[in-house]
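Here is what each chain is made of, one letter per residue.
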Amino acid sequence: MRLYEFEGKELFAKFRIPIPKSRIAGSVDEVFSHVQEWGIPVALKSQVLTGGRGKAGGIKLAEGANEARTVASDLFNLTIKGFPVERLLIEPKLDIKQEFYIGVTIDRAKYKLVIIASGEGGVDIEKTAEENPEKIIRKEIGIDEELYGFEAMGIAKKIGIPSDLLKTGGAIIVKLYNLFKKYDAKLVEINPLVLTSDGKLIAADARVSLDDDAVFRHADLKEMGIEARHEEGEMTEREKQAQEWGIPYLDLGGNIGMFPGGAGFGIMGNDFIHYYGGEPANFMDSGGGPSPERIAKMLVLLDENPNVKVIFGARFGGISRCDDFAKGVIMFLREHGLSKPLVMRMTGNVWQEGVRLFEEAKAESPELFEHIETHGIETPIEQISMRAVELAKQAEGGN
Amino acid sequence: MRLYEFEGKELFAKFRIPIPKSRIAGSVDEVFSHVQEWGIPVALKSQVLTGGRGKAGGIKLAEGANEARTVASDLFNLTIKGFPVERLLIEPKLDIKQEFYIGVTIDRAKYKLVIIASGEGGVDIEKTAEENPEKIIRKEIGIDEELYGFEAMGIAKKIGIPSDLLKTGGAIIVKLYNLFKKYDAKLVEINPLVLTSDGKLIAADARVSLDDDAVFRHADLKEMGIEARHEEGEMTEREKQAQEWGIPYLDLGGNIGMFPGGAGFGIMGNDFIHYYGGEPANFMDSGGGPSPERIAKMLVLLDENPNVKVIFGARFGGISRCDDFAKGVIMFLREHGLSKPLVMRMTGNVWQEGVRLFEEAKAESPELFEHIETHGIETPIEQISMRAVELAKQAEGGN
Amino acid sequence: MAILVTKDSKVMVQGITGGAGKFHTERMIGYGTNVIGGVTPGKGGQTVAERPVFDTVEECVLATGADVSVIFLPARFVKEAAIEAIRAGIKFLVVIPEHIPIHDMLWVRKEAVAHGATVIGGNTAGVITPGEANLGIMPDIAFTPGRVGTVSRSGSITYYVADTLTQSGYGETTCVGLGGDPVLGSTFAEILMEFEEDEATKAVVMCGEIGGVYEEIATDVIPKMTTPVLAMIGGVFAPEGKRMGHAGAIVEGKMGTAKEKLAMLADAGAHPCKTFKAIPETLAKLGV
Amino acid sequence: MAILVTKDSKVMVQGITGGAGKFHTERMIGYGTNVIGGVTPGKGGQTVAERPVFDTVEECVLATGADVSVIFLPARFVKEAAIEAIRAGIKFLVVIPEHIPIHDMLWVRKEAVAHGATVIGGNTAGVITPGEANLGIMPDIAFTPGRVGTVSRSGSITYYVADTLTQSGYGETTCVGLGGDPVLGSTFAEILMEFEEDEATKAVVMCGEIGGVYEEIATDVIPKMTTPVLAMIGGVFAPEGKRMGHAGAIVEGKMGTAKEKLAMLADAGAHPCKTFKAIPETLAKLGV
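Residues numbered from 1 in each chain as written. Chains lettered and ligands numbered in written order. Predicted model: local features only at pLDDT ≥ 70, side-chain atom pairs only at ≥ 80, totals over all residues. Heavy atoms only, no water.

K.L.:
Help me get a handle on the packing of helix H8 (residues 237-245) of chain B against helix H10 (residues 292-303) of chain B, residues and values and all.
P.N.:
Residues and elements named next belong to chain B. Packing of H8 against H10 leaves a shortest axis separation of 11 Å and a crossing angle of 175°. Viewed along their axes, H8 and H10 adopt a mutual orientation that is roughly antiparallel. Facing Arg238, Gln241, Ala242 and Trp245 of H8, the residues of H10 in contact are Arg294, Lys297, Val300 and Leu301. (Axes fitted to C-alpha atoms, helices over the stretch in contact; angles between N-to-C directions. Helix = DSSP H or I, 4+ residues; strand = E, 2+ residues; numbered from the N terminus. Parallel < 35°, antiparallel > 145°, perpendicular 65-115°, else oblique. Contact = heavy atoms within 4.5 Å.)

Structural data, given as structure tokens:
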């Protein structure tokens, strides 16, 4: 769960990490009145849940209230990587002497927390890491260890924070680390940490990404108005529909509707379609042990997509049950009807019961099944994939 | 820093350790009105900073408001081990099915935190530990380790908390442990933890003792009204005077006024006086590096004590300086005057300067020094001790 | 032989009294798995599938000699349950639930390393040694005893691979579901080394996918192995930077693309397979 | 020889720029102690008593090879400072300040044990190896090189004992102030074992007092020692349960009374001394 800059800074403030004074504004008029009240040059910063905001023109300076009005008006019309700019953070323009980078994240290979710091903040830290790795300080810490002030001061010293600011700089690093642990973060970054001309250290930006799976134990976030949010940028109507139904779904460019089991074959199946010369229309994940209702909804998404010419179904029942799968397909057929070919393979957990349900339904209403080819464990999944590609080509009027 | 029961229970409440509903009352009328409002049988519990309150008659039951008035009136007239009863904690009378003991403290020999638990709470836990050590569960934990719920449940199970209350019981132990660590405690105890007839676990008493040296990092205690306090019971007027001046001082039964350096010889010097047949009138500690003013005040305490027949002074300057010591003695002699014999030994840090100051002052006003015998490193301290005992006997008119 | 679990393993189930715990305990027993009991705090003294339920793992281990645990509990209880099992002496844990807080898994991993225990998961379909023991939620149908090991981040891919090995007559020694969560109890590298030390395992199929770092660090051990490693990686045609279901499957900069993973594994000496049917073909070429 | 510190020890001072730090650094240098520098965060680059000041211990150790540290800092900063020194490789620390939070000392002790470092204090007058190095705040006058070691919880008692040994011609190898705080970096038992391994030390005088447990646990090692141990305990006539200055000197139930401590030490083979002058008498009897 990625936080907006202003939310991240609220957390920073809670941990007494120094941040600039700021106002949040949702309209040009609000921007105008705040800047007029302050009467100083400001930075106007688009609040969007994506990186590269600066390069995309999402941060602008303004000398006074009138300029701020013009600039804000432009910013509110921006869309950055699919995210429309709905709020601006207003901060005094900083008088920057030097910029540092401080980040905390998880090294999944070593199972350690890691603090990353550099004397070259403000620019692309990944580029620095690649081109001048010696300019990156890296310190690993076990999840059971605390970060001591002296360790943080050691880091601060190594990235060039001057001696008289070592305690302050070290304290900022310790607080950032404590914030990371306290809130189950995946990533926290101050980029840049600014040393101002009058000798103050201040967190000019805040990037905080929390573990969605741990938000349940941070009730205070909700009190602060920070709630679970969708981090996707631009979404298609169908993606929004799927999201509403709680189904992981992405539109892709092709014409084969992917109706897979778990995410594993969801990903691999897309590769298979490519290998055999086809193009998937989507990515989808049924989730573990889907209900018949959910199965039916997955099919609705595909059947109503005009780009989809054929549906490729695969179910290897594990925690999910083939009888539930069959029930879902039958529910869809009865309530909605299938308008295009469906080729599918079903095996695994209680597959016999799935097959029985299909046979029963087919005996009752054979017309529902006229576009369907069903296979079991005897047919390799590669053959089904090829058949889907073949059917798609036929539907497009190809060979 | 020992907390009152009601303060300890405030901390318990903060950690969601279940406590009985309660009211605190400072007068008989308050007790009457609270109990009348509740209309149920209550326990009235004297709030004093000492143990053994129950045995001393400091806890009484009352069926209703009228009885509570009578009982409270008796309790407010009690003094328990020197502590006058100034407040009563009023709680509903508990319907007790079983009593447990849970405590957390520090094992100084092993440098570990230790949880102590027993199925025999409510009685003297030290007696149980001595007579039935097998009834005491003991679990050591490193300062860097957390106490997990399953460990606490294991303890709960072993002391006989029933299966359906294991989670609750385990959670109480974890919370008590967390409280201990959070507030730098030296000791926290729930004794008894009561299992009520209707199947609830509730902390019927709270004993919390915090580390005075760590109170500085718990500002919230002050907000809760919990401040540093003196835990001594009955004090003499002179002890109160010494406390006001910040001098560790205790009146003892003898007639030799002890005017030592640090606490180490403060303790040992008293033994020496005993060994040579004398009786010290007091214990005193100058503290590290005392100022001349403090030295002078120490002497005032002794000179004004009519029981003191002779003063025994010892100064081995370490972090304390002999010149400051000499200045303090001279300050006392000039401003106050000495009314009884003083025999003393001075050596250590800048002793030459101390000797010079004495000689200077003596040359100026020899009359101030007429009761004083001064010695240096050449005279063993044992000899000075014997001389003090001898002078005391002379003063009392003995041999 | 096999790795991690055999018919002699004494398997306990944490969360045995819950819905999924009970259902899969019965399924596992039905497969022949030596399930000896379970743990649910506060429910000590009950029985599930004729197995005793205990309040604590310590009691269960003392009473039954359990040495393996399968965890069926809500994600938020996994940290405590896993650490309880590890500290009680359990040496192999299978963590079925998904959505376990990442920091929790770091704690679990730390305890596991400190006590020499192996943790599989979270978000795994489980581990099966065909014909001996089935830990978790995997369907029996795909598996048959044999001579190839598998290790995969995805349950469904495990089934397809095992099915392929079964159909082609190779069969499986042990199939390990590494799990789909972003931080896992064990890495490919560690499981590969287990297979390397197992005489019965003549080859290993490892199946990864885009995202994460576990495929990359497998390249540390593959060059040291004498047992051949076949590698499949899903997501070669996945759109970059888009979330595809598994939380772990977010492309992390350049690291983590399927193509790079495959290239690194091939460089390390693994044999890349694009499809399932390439697996028996490759095994035949290798003379397995 | 001696224990813990010699003329070759490279001594740094943490808190060297503070009032007490500066004053005692100059005193220690005046005694001949090999003080090579100091640390005060934020004051790197300054000098005190012609010694360089560093921002971190790591820098100081790298630049000077420091192996011993004396801490002169407010009590609340001791935990961090001590752990910093231990992690930077310092093997011997003398913690002068008193009133260190007890939990902090538990953390320091844990780090010390993990890194094989020895911590003395807090609330100690220091450690002196006469004629070689004086760490802390002890006055020079009482000490002279010789053949008896001392270890005491109290500074003033250390001075009296050393003075007695000096006057009687025995002199001292090393005098260790264990410290007066309730939880100490080292125990009597550990320091006694250091003396046991030192050839130059022909006998040890240990001075304890009422309260605490450190005298009691010394009885674990005294029976194993070949070096004779003389024991003094202050507070035989102390009123029970009354606080007498040292926070540690509160009688803890039956444990901790001076009489019991003396009896236990005598049982373990130590030679009790009531007064200072009994020390040379006892040494003479023992033929030291």
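Following the structure, the description resumes.
K.L.:
So what's going on with the domain arrangement of chain C? Residues and values would help.
P.N.:
Residue and element names in this part refer to chain C. Partitioning chain C into domains gives domain 1 (11-121) and domain 2 (139-286). Each side of the interface is counted separately: domain 1 has 14 residues, and domain 2 has 15 residues. Our count for the domain 1 to domain 2 interface comes out at two salt bridges. Glu190 is the salt-bridge partner of Arg109, the closest N and O atoms lying 2.6 Å from each other. Run the count over domain 1 and domain 2 and you get five residue pairs in polar contact (both at pLDDT 80 or more). Only helix H1 (19-31), helix H4 (102-115) and strand S7 (118-121) provide two or more residues apiece to the side of domain 1 that touches domain 2. Per-class residue counts for the side of domain 1 that touches domain 2 are eight nonpolar, three polar and three charged. (Domains from an automatic or database assignment. Salt bridge = Lys/Arg side-chain N within 4 Å of Asp/Glu carboxyl O. Polar contact = N/O pair within 3.5 Å; in protein donor to acceptor, adjacent residues only side chain to side chain. Nonpolar A, V, L, I, M, F, W, Y, C, P; charged D, E, K, R; others polar.)

K.L.:
How would you explain the interface of chain A and chain C if you had to name every residue and give the values?
P.N.:
On the side of chain C, 55 residues touch chain A, which itself brings 50 residues to the contact. Counting the surface chain A buries against chain C, the share from its top three residues, Arg108(A), Tyr111(A) and Phe316(A), is 19%. If you list the elements that add at least two residues to the side of chain A that touches chain C, you get helix H6 (166-182), strand S10 (185-196), helix H9 (263-275), strand S16 (310-317), strand S17 (342-348) and helix H13 (381-395) of chain A. By residue number, the principal contributor to the side of chain A that touches chain C is H9(A), which donates 10 residues. Grouping the constituent residues of the side of chain A that touches chain C by class yields 25 nonpolar, nine polar and 16 charged. (Buried area = accessible area lost by both parts, 1.4 Å probe.)

K.L.:
An account of the side chain of His218(B) is requested, with residue identities and associated values reported.
P.N.:
All names here are of chain B. Note that His218 resides in the loop between strand S12 (207-210) and helix H7 (219-223). On the basis of relative accessibility, which here comes to 7%, the residue His218 falls in the buried class. Every residue in contact with His218, bar those within four places of it in the chain, is listed here: Lys182, Tyr183 and Asp184. (Buried < 20%, exposed > 50% of the residue type's maximum accessible area, 1.4 Å probe, protein only.)

K.L.:
Tell me what's going on with the sheet that holds strand S5 (residues 68-71) of chain C, and back it up with residues and numbers.
P.N.:
Residue and element names in this part refer to chain C. The strand order across the open sheet built from seven strands is S3-S4-S2-S1-S5-S6-S7, with neighbouring strands paired in mixed fashion. Each edge of the open sheet is held by one strand with a lone partner, namely strand S3 (47-48) and S7. Relative to S7, strand S6 (residues 92-95) runs parallel, the two being bridged by four bridges. If you follow Val94 over to S7, its bridge partner there is Ile120. (Pairing = 2+ DSSP bridges.)

K.L.:
So, the packing of aromatic side chains: which residues are in play, and what are the values?
P.N.:
Scanning all chains against the criterion turns up 32 aromatic pairs over all chains. Their ring planes at 50° and their centres at 5.4 Å tell us that Phe316(B) and Tyr159(D) sit as a pair that is tilted. Placement of the pair is Phe316(B) in strand S16 (residues 310-317) and Tyr159(D) in helix H5 (residues 155-167), with the two residues belonging to separate chains. The rings of Phe265(A), Phe272(A), Tyr275(A), Phe312(A), Phe316(A), Tyr159(C), Tyr160(C), Phe237(C) and Phe276(C) are connected pair by pair, giving a single aromatic cluster. The ring of Tyr183(A) has Lys182(A) lying over it, and the distance from NZ or CZ to the ring centre is 4.7 Å. In this structure, Lys21(B) is placed above the aromatic ring of Trp38(B), and the distance from its NZ or CZ to the ring centre is 4.5 Å. (Phe/Tyr/Trp six-rings, centres within 6.5 Å; stacked < 30°, edge-to-face > 60°. Lys NZ or Arg CZ within 6 Å of the ring centre and 35° of its normal.)

K.L.:
Would you mind going over the arrangement of the chains in detail, with residue names and values included?
P.N.:
No part of chain A reaches chain B; the closest C-alpha pair between them is 8 Å apart. Chain D makes no contact with chain C, the minimum C-alpha separation between the two being 15 Å.

K.L.:
Explain the pattern of salt bridges to me, using residue names and the numbers behind them.
P.N.:
Overall, the coordinates contain 83 salt bridges over all chains when judged by the stated rule. Between Glu63(A) and Lys93(A) there is a salt bridge, and its shortest N-O distance comes to 3.8 Å. Residue Glu63(A) is found in the loop between strand S3 (59-62) and helix H3 (65-75), and its partner Lys93(A) is found in the loop between strand S6 (88-92) and strand S7 (96-107); the two are separated by 30 residues along the sequence. Between Glu59(D) and Lys157(A) there is a salt bridge, with its nearest N and O atoms 3.1 Å apart. Remark: Lys157(A) occurs in helix H5 (residues 149-158) and Glu59(D) occurs in helix H2 (residues 57-64); the pair is interchain, linking two chains. For Glu59(D), a relative accessible area of 24% translates into the label partly exposed. Each of Glu5(A), Lys9(A), Lys45(A), Arg53(A), Glu91(A) and Asp205(A) takes part in salt bridges that share partners, so that together they form one network.

K.L.:
I'd like to hear about the nonpolar core, residue by residue, with values.
P.N.:
One finds Phe265(A), Val151(C), Leu192(C), Met206(C), Phe276(C) and Ile279(C) to be the most contacted residues of the largest nonpolar core, which totals 169 residues. Among the elements that make up this core, the one with the highest residue count is H6(A) (eight residues). Ranked by size, the runner-up nonpolar core spans 167 residues in total, among them Leu165(B), Ile172(B), Phe312(B) and Ile83(D). (Core = buried A, V, L, I, M, F, W, Y, C linked by side-chain atoms within 4.5 Å.)

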